[in-house]
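Residue strings, one per chain:
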Amino acid sequence: MSVTAINTTTQVLVSEKVFLTIENLEAAIKGRTARIKKAEVRWLFERGEWHLSWVRVWGPVIRKSDGGESTQHVSELTNPPGQGGAQYGGVVTPPEILEFALANPPAWKPQVDSSPYPPVQGLRSSL
């Protein structure tokens with residue numbers, strides 16, 4: 001992928017989503033225990049590197065009565081510790097998923113051509 005800026009200031013946000021299928025992982029999500037079966041990992045390309053943005057987890061809630069899967073599901077946007085709303089009591093990404101995601105960032109890097117315009121300070125993806 002290549003982006004070239006011509007005659008204007010260009011803001012580019014490059015992201016990649018990775019979908020994971022998960023087996024045998026139970027996690028407490030907002031006070032309910034769920035069997036996590038899927039996760040969507042979002043990466044952002046900032047300052048020349050991939051950074052983990054968030055992880056959405058999905059799975060059926062486990063019934064307390066018999067330990068079986070209920071018809072209710074959790075689908076929650078979670079944040080790595082210290083990011084997003086995690087430090088304010090938001091849902092934190094289960095550590096097993098976080099470790100796997102951080103160990104497997106996207107292998108490709110976008111080629112962004114330089115711009116004749118100066119970067120706008122404070123914007124994540126200003127060229």
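Cut-offs applied
Residues numbered from 1 in each chain as written. Predicted model: local features only at pLDDT ≥ 70, side-chain atom pairs only at ≥ 80, totals over all residues. Heavy atoms only, no water. Phe/Tyr/Trp six-rings, centres within 6.5 Å; stacked < 30°, edge-to-face > 60°. Buried < 20%, exposed > 50% of the residue type's maximum accessible area, 1.4 Å probe, protein only. Helix = DSSP H or I, 4+ residues; strand = E, 2+ residues; numbered from the N terminus. Contact = heavy atoms within 4.5 Å. Core = buried A, V, L, I, M, F, W, Y, C linked by side-chain atoms within 4.5 Å.

A. Geometry of the packing of aromatic side chains. A complete count under the given rule lists 2 aromatic pairs for this structure. Geometrically, the ring pair formed by Phe 45 and Trp 50 is edge-to-face, given 5.2 Å between the ring centres and 65° between the ring planes. Judged by its relative accessible area of 12%, Phe 45 is buried. What makes Trp 50 buried here is its relative accessible area of 10%. Taking 5.2 Å as the distance between ring centres and 65° as the angle between the ring planes, the aromatic pair formed by Trp 50 and Trp 108 counts as edge-to-face. Here the residue Trp 50 occupies a position in strand S4 (residues 49-62), and Trp 108 occupies one in the loop between helix H1 (95-103) and strand S6 (111-112), the gap between them amounting to 58 residues. On the basis of relative accessible area, Trp 108 is assigned to the partly exposed category, the value being 32%.

B. Representation of the environment of Leu 77. Structurally, Leu 77 can be placed in strand S5 (residues 69-78). Looking at Leu 77, the relative accessible area reads 37%, which means it is partly exposed. The sequence separation of Leu 77 and Val 57 amounts to 20 residues, and the corresponding C-alpha distance is 6.6 Å. Each residue touching Leu 77, except ones within four places of it in the same chain, is listed here: Trp 54, Val 55, Arg 56 and Val 91.

C. The arrangement of the nonpolar core in detail. One finds Ile 22, Ile 29, Ile 36, Val 41, Leu 52, Val 55 and Ile 97 to be the most contacted residues of the largest nonpolar core, which totals 23 residues. Every element with two or more residues in this core is listed here: strand S2 (14-29), strand S3 (32-46), S4 and H1.

The analysis is restricted to geometry; functional conclusions fall outside its scope.
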